[in-house]
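Listed below, chain by chain, are the residues.
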Amino acid sequence: MDILRAPRITLIARPQFLEPAHLPVQWRGEAGDGERLAEFAGRLCYMSQANPAKRDTGEYLDNIKKQGHGSVLEHAVYVLLIEGISRSCSHELVRHRAGFGYSQLSQRYVDESHAAFVVPPAMLGDAPLEAAWLAQVTAAQAAYVAAVEDLMRRYEWVADKVHRRKMAREAARSLLPNATETKIVVSGNVRAWRTMLELRCGEGAEQEIRRMAVAVLRVLAAEAPLLFRDFEIYRAEDGAEAARVTYHKV
Ligand SMILES: Cc1cc2nc3c(=O)[nH]c(=O)nc-3n(C[C@H](O)[C@H](O)[C@H](O)COP(=O)(O)OP(=O)(O)OC[C@H]3O[C@@H](n4cnc5c(N)ncnc54)[C@H](O)[C@@H]3O)c2cc1C
């Protein structure tokens, strides 16, 4: 049985900006496609492609965030594959609706007999606590496997084997703990990502989603620093990482 102690975040798609030849912008500074796309959209609103204030893209986007012109940030969409999080963590994640799209591993279709489990961060480093937790999830997984077998027998009369397995797994999953690992593809525009990160990187957020949000922030800030550079990761008094933001939700 795989026991996971950290999330894994992989960027799987980024925006591609195709600058229209008839509306060229006087760019300043280096920037990626998502950053340029947001700047282009912002400048279109005032037809300021000539860049009269001579701002580089980072300065321009800082001003957009400061002014609360958040709709400009909606054009840039980044897609992440998030793995190594628990079902309880993903349940909290998918509460973020505006600007997000989700595709998550189905426990109705996928056999969870060999699922991995995520240790709650609050237990990490406490050997007796981790050992008791491990025994409990092992028992839960065994109960799941037994229930699938019993349900397959109960529904033997269902001729379509794929359908029968789905019937068995969708009922047996009720025995799987919240700690069961899930995988989820999350697409989000920058306005949506920033809102989620502000809420979930905070010290008030539940520890696992906070750890995941900080990891997401690292990936997005490395990919598009000019869109996320006002977030600051720090070590909070409770010993875990958190992040604060300069320009709040818009
Ligand atoms: C520390 C913490 C504790 C939490 N505890 C609980 C809890 O105990 N129970 C619980 O149920 N949830 C809880 N939540 C989840 C919380 O209630 C939200 O569901 C979650 O944070 C998503 O926020 P949101 O709705 O603003 O996000 P999104 O759905 O992404 O919305 C983003 C923004 O878009 C606007 N918006 C979105 N939908 C609408 C709409 N229909 N109408 C008008 N405006 C809209 C709002 O401005 C909203 O802030 C908690 C969240 C945090 C961060």
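Residues numbered from 1 in each chain as written. Predicted model: local features only at pLDDT ≥ 70, side-chain atom pairs only at ≥ 80, totals over all residues. Heavy atoms only, no water.

**Concerning the site of the ligand**
In the vicinity of the ligand, the residues found are Arg 95, His 96, Arg 97, Ala 98, Leu 199, Arg 200, Gly 204 and Lys 249. The separation between an oxygen atom of the ligand and a polar side-chain atom of Arg 95 is 2.8 Å. At 2.7 Å from an oxygen atom of the ligand is found a side-chain nitrogen or oxygen belonging to Arg 97. Computed on the free molecule, the ligand has an accessible area of 930 Å², of which 44% lies beneath the protein chains in the complex. (Near = heavy atom within 4 Å. Polar contact = N/O pair within 3.5 Å; in protein donor to acceptor, adjacent residues only side chain to side chain. Areas by Shrake-Rupley, 256 points an atom, 1.4 Å probe, with all protein chains shown as cover.)

**Quick notes on helix 6 (residues 190-200)**
Of all 11 residues in helix 6, 8 are buried, a share of seventy percent or more. The complete set of buried residues in helix 6 reads Val 190, Ala 192, Trp 193, Arg 194, Thr 195, Met 196, Leu 197 and Arg 200. Where helix 6 begins, one side-chain oxygen reaches toward the backbone nitrogen of Arg 191, 3.0 Å away; that side chain belongs to Asn 189. (Buried < 20%, exposed > 50% of the residue type's maximum accessible area, 1.4 Å probe, protein only. Helix = DSSP H or I, 4+ residues; strand = E, 2+ residues; numbered from the N terminus.)

**A few points about the packing of aromatic side chains**
With the rule as written, the count across this model stands at 6 aromatic pairs. Where Phe 17 meets Trp 27, the ring centres are 6.0 Å apart and the plane angle is 90°; that geometry is what we call edge-to-face. On the criterion of sequence distance, the pair formed by Phe 17 in the loop between strand 2 (8-13) and helix 1 (33-46) and Trp 27 in the loop between strand 2 and helix 1 is long-range, its members being 10 residues apart. Among the residues examined, Phe 17 registers a relative accessible area of 14% and is labelled buried. Of the aromatic side chains, those joined through ring pairs into one cluster are Phe 17, Trp 27 and Phe 40. Against the face of Tyr 234 rests Arg 244, its NZ or CZ located 3.8 Å from the ring centre. (Phe/Tyr/Trp six-rings, centres within 6.5 Å; stacked < 30°, edge-to-face > 60°. Lys NZ or Arg CZ within 6 Å of the ring centre and 35° of its normal.)

**With respect to unusual backbone geometry**
We note that Met 47 has phi near 50°; this positive angle belongs to a residue other than glycine. Mapped onto the elements of the fold, Met 47 is located in the loop between helix 1 and helix 2 (57-67).

**What about the domain arrangement of the chain?**
By domain assignment, the chain separates into domain 1 (3-9 + 81-182) and domain 2 (13-79 + 190-202 + 222-245). For domain 1 and domain 2, the distance between their C-alpha centres works out to 36 Å. In this complex, domain 1 contributes 8 residues to the contact, which on the side of domain 2 involves 6 residues. At the boundary of domain 1 with domain 2, total buried surface from both sides reaches about 540 Å², with 70% on carbon and sulfur atoms. Connecting domain 1 to domain 2 are 1 salt bridge. A salt bridge links Arg 200 to Glu 92; the nearest nitrogen and oxygen atoms lie 3.8 Å apart. On the surface where domain 1 and domain 2 come into contact, there are 2 residue pairs in polar contact (both at pLDDT 80 or more). (Domains from an automatic or database assignment. Contact = heavy atoms within 4.5 Å. Buried area = accessible area lost by both parts, 1.4 Å probe. Salt bridge = Lys/Arg side-chain N within 4 Å of Asp/Glu carboxyl O.)

**Here we look at the side chain of Glu 35**
Mapped onto the secondary structure, Glu 35 falls in helix 1. It turns out Glu 35 is buried and unbridged, and the closest side chain with the opposite charge, Arg 36, is 7.4 Å from it. Polar contacts involving the side chain of Glu 35 include one to the main-chain amide nitrogen of Leu 226, which spans 2.8 Å. Every residue in contact with Glu 35, bar those within four places of it in the chain, is listed here: Thr 57, Leu 61, Tyr 78, Ala 224, Pro 225, Leu 226 and Leu 227. (Lys, Arg positive; Asp, Glu negative; His and termini not counted.)

**Examining the sheet that holds strand 6 (residues 181-189)**
Strand order in this open sheet of 4 strands is 2-3-6-4, and the pairing throughout is antiparallel. If you trace the sheet from one side to the other, it starts and ends with strand 2 and strand 4 (100-104), each paired once. Direction aside, the axes of adjacent strands within the sheet are offset by 20° on average. Note: strand 3 (residues 77-86) against strand 6, 8 bridges, orientation antiparallel. Bridged to Ile 85 within strand 6 is Thr 182. Running over the sheet, helix 6 touches strand 3, strand 4 and strand 6 and is turned about 125° from strand 6. (Pairing = 2+ DSSP bridges. Axes fitted to C-alpha atoms, helices over the stretch in contact; angles between N-to-C directions.)

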